[in-house]
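The primary structure of each chain is shown beneath.
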Amino acid sequence: MPARQPKRGRLWLNDGSCVRLRPEKPNHVWAYDFVEDRTRDGRKFRMLNVIDEFTRECLCIRVGRKLGSADVPDARASSGIDVLSDLFIARGTPGFIRSDNGPEFVAVAVQGWITGIGAKTAYIEPGSPWENGYVESFNGKLRDELLNMEVFNTLAEAKVLIEQWRAHFNTIRPHSSLGYRPPAPEVLLSGMPMPQGRPGPTGSPPTPATMLH
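What counts and what doesn't
Sequence order as written defines the numbering, with residues in each chain counted from 1. Local features are withheld for residues below a pLDDT of 70 in this predicted model, meaning they are given only at 70 or higher, and side-chain atom pairs are given and counted only at 80 or more; totals for whole chains, interfaces and linings count all residues. Derived side-chain values reflect all non-hydrogen atoms in the structure, with water molecules and hydrogen atoms excluded from consideration. Space inside and on the surface of the protein is sampled on a 1 Å grid over the protein atoms alone, with a cavity defined as a set of points where a 1.4 Å probe fits but cannot get out and a pocket as an open set with protein on both sides within 12 Å along at least 5 of 7 lines; lining residues have an atom within 4 Å of a point. Grid points are joined across faces, edges and corners, and a volume is the space filled by probe spheres set on the points. Where helices and strands are cited, they refer to DSSP runs of H or I of at least four residues and of E of at least two residues respectively, numbered from the N terminus. Note that Gly is not counted as nonpolar here; it falls among the polar residues with everything else outside the nonpolar set of Ala, Val, Leu, Ile, Met, Phe, Trp, Tyr, Cys and Pro and the charged set of Asp, Glu, Lys and Arg. Salt bridge, as applied in this entry: a Lys or Arg side-chain nitrogen positioned within 4 Å of an Asp or Glu carboxyl oxygen. To sort residues, take the accessible area from a 1.4 Å probe on protein chains only and compare it with the maximum for the residue type: under 20% means buried, over 50% means exposed, and anything in between is partly exposed. Nine residue types can take part in a nonpolar core, namely buried Ala, Val, Leu, Ile, Met, Phe, Trp, Tyr and Cys, and a core is a set of them joined through side-chain atoms within 4.5 Å. What counts as a ring pair is set by centres within 6.5 Å for rings of Phe, Tyr and Trp (its six-membered ring), and what kind of pair is set by the plane angle: stacked under 30 degrees, edge-to-face over 60, tilted for all other angles.

(A) Quick peek at empty space enclosed by the protein. As enumerated under the stated definition, the model contains 1 cavity of 30 Å³ or more in all. As a volume, the largest cavity reaches approximately 30 Å³. In this structure, the largest cavity is lined by Tyr 32, Ile 97, Ser 99, Phe 105, Val 110, Ile 114, Thr 121, Ala 122 and Tyr 123. When contributions to the lining of the largest cavity are tallied by element, the ones reaching two or more residues are strand S4 (96-99), helix H3 (108-116) and strand S5 (120-123). At 3 residues, S5 tops the list of elements feeding residues into the lining of the largest cavity. Taken together, the residues that form the lining of the largest cavity break down as 7 nonpolar, 2 polar and no charged.

Following this line, the structure appears as structure tokens:
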């Protein structure tokens, strides 16, 4: 009989995989992942989704055919850096950035850049998407509520509709995990102080919606 293994109490394995990292406040842990779809002509496009795990807010959905310039050796890595750079300027630097072990996220350029600006990478165990549950849940909602319901005639149309959905998701759509409040209601985005604990409006309940998860 094999020897019983001791319990692990640390956040990180030797390869950098996250074990028990839980978001504790806004900007503590971000997660990002790619989703794919196609326009009416059958051409594939990709979406890079970035969320704040604590607030559940979708910080960005970058849409593109390749998500990078053709003259960059690893276009996928360059797109990730470009998206994160814009968000760090607008939102500040998070403590951790969680992702799977796809080539877009483990590229040396991405790891070095994230570490260089003061954040830490949090890679999940290979083949364990449940360890990235916040962004996986978001990806499922994006597909069920938009991608499976729409036919995108052009990439430009896809960008417009996806950004409209992201705004609705953040400011109107109620979330059961947040007490049926949106992650970033418009009243808070307009400059009002953020209450302590999980974000949410301090006044009347949000407008009811049909999508509750």
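From this point, things continue past the structure.
(B) A look at the pattern of salt bridges. Summed over all chains, the structure comprises 8 salt bridges. With a shortest N-O distance of 2.7 Å, Arg 98 and Glu 53 are connected by a salt bridge. Here Arg 98 is found in strand S4, whereas its partner Glu 53 is found in the loop between strand S2 (44-52) and strand S3 (58-64), with 45 residues between them in sequence. Residue classification places Glu 53 among the buried positions, given a relative accessible area of 0%. Among the ionic pairs, Asp 82 bridges to Arg 62, the shortest N-O distance being 2.7 Å. On the criterion of sequence distance, the pair formed by Asp 82 in helix H1 (residues 75-91) and Arg 62 in strand S3 is long-range, its members being 20 residues apart. We classify Arg 62 as partly exposed; its relative accessible area is 25%.

(C) How the structure looks around the nonpolar core. Ranked by internal contacts, the top residues of the largest apolar core, which has 19 residues, are Phe 45, Met 47, Ile 61, Phe 138 and Ile 162. Mapped onto this core, the elements with two or more residues apiece are strand S1 (29-38), S2, S3, helix H4 (133-147) and helix H5 (155-171). One finds Leu 48, Val 83, Ala 107 and Tyr 123 within the second-largest nonpolar core, a separate group that totals 18 residues.

(D) Region of interest: the packing of aromatic side chains. Enumeration according to the criterion identifies 6 aromatic pairs in this entry. Consider the rings of Phe 45 and Phe 152, whose centres lie 5.9 Å apart with planes at 75 degrees: the pair is edge-to-face. On the criterion of sequence distance, the pair formed by Phe 45 in strand S2 and Phe 152 in the loop between H4 and H5 is long-range, its members being 107 residues apart. For Phe 45, a relative accessible area of 0% corresponds to the buried category. Phe 152 sits in the buried class, given a relative accessible area of 1%.

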